[in-house]
Amino acid sequence: MNQRDVVFPAGRRALYERNRYSPAVRANGLLFVSGQVGSREDGSPEPDLLAQLHLAFENLNAVLAAAGCTFDDVVDVTVFLVNPEENFEKVWQVVPQYWGEAPYPTLTGVGVTWLYGFQFEIKVIARLPL
């Protein structure tokens, strides 16, 4: 069986092992990052939406950093948002703090009804440094 080249951020390995998924996998010069949410260290949701957004990006940045990447290496983004009609503008107040300057990555936004107690999730594909 082929082993996956998995990337684990510091201090969160137990969370991924408990839930049986990899935070990120390297393949063919790309980094595929699992959806990151605004979870506290114990894995529970941060109840405040704005604080949850900041935590989601901090968790994402920790995974990217563990692979030697930054958000500048991100080429594709998918976001999932509960109640997008109500929360979209709130989310886009926080996103520019992490998004960087143009040219921006591609983006797919998906409105959902449930995210395991979270209101926002972000998954990305990034280029790996040479």
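Scroll up to find the structure.
Quick summary incoming for the structure in this document.

What counts and how
- Residues numbered from 1 in each chain as written.
- Predicted model: local features only at pLDDT ≥ 70, side-chain atom pairs only at ≥ 80, totals over all residues.
- Heavy atoms only, no water.
- Axes fitted to C-alpha atoms, helices over the stretch in contact; angles between N-to-C directions.
- Helix = DSSP H or I, 4+ residues; strand = E, 2+ residues; numbered from the N terminus.
- Parallel < 35°, antiparallel > 145°, perpendicular 65-115°, else oblique.
- Left-handed = near helix turned anticlockwise from the far one by under 90°.
- Contact = heavy atoms within 4.5 Å.
- Nonpolar A, V, L, I, M, F, W, Y, C, P; charged D, E, K, R; others polar.
- Phe/Tyr/Trp six-rings, centres within 6.5 Å; stacked < 30°, edge-to-face > 60°.
- Buried < 20%, exposed > 50% of the residue type's maximum accessible area, 1.4 Å probe, protein only.
- Lys, Arg positive; Asp, Glu negative; His and termini not counted.
- Salt bridge = Lys/Arg side-chain N within 4 Å of Asp/Glu carboxyl O.

**Here's the deal with the packing of helix 2 (residues 49-66) against helix 3 (residues 84-94)**
Relative orientation and spacing of two packed helices are given, respectively, by the angle between their axes and the distance between those axes.
Here's step 1: Two elements in contact, helix 2 and helix 3, have axes separated by 10 Å at closest approach and are oriented at 45°. Overall, the two elements helix 2 and helix 3 adopt an arrangement that is oblique. Relative to helix 3, helix 2 is oriented so that their crossing is right-handed. Between helix 2 and helix 3, the contacting residues are Leu49, Leu50, Leu53 and His54 on the first element and Asn87, Lys90, Val91 and Val94 on the second.
Here's step 2: A per-class count over the contact of helix 2 with helix 3 returns five nonpolar, two polar and one charged.

**Focus: the packing of aromatic side chains**
Here's step 1: Applying the stated criterion across every chain yields a total of seven aromatic pairs.
Here's step 2: Seen in terms of ring centroids, tryptophan 114 and tyrosine 116 are 5.7 Å apart; in terms of plane orientation they differ by 90°. Their pairing is edge-to-face.
Here's step 3: Of the residues examined, tryptophan 114 reaches a relative accessible area of 60% and is grouped as exposed.

**Points about the side chain of glutamate 121**
Here's step 1: Here glutamate 121 is to be found in strand 6 (residues 120-127).
Here's step 2: As a buried residue without a salt bridge, glutamate 121 has its nearest oppositely charged side chain in lysine 123, at a separation of 7.6 Å.
Here's step 3: Those residues in contact with glutamate 121 that lie beyond four places of it in its chain are Gly35, Gln36, Val37, Thr78, Val79, Phe80 and Leu115.

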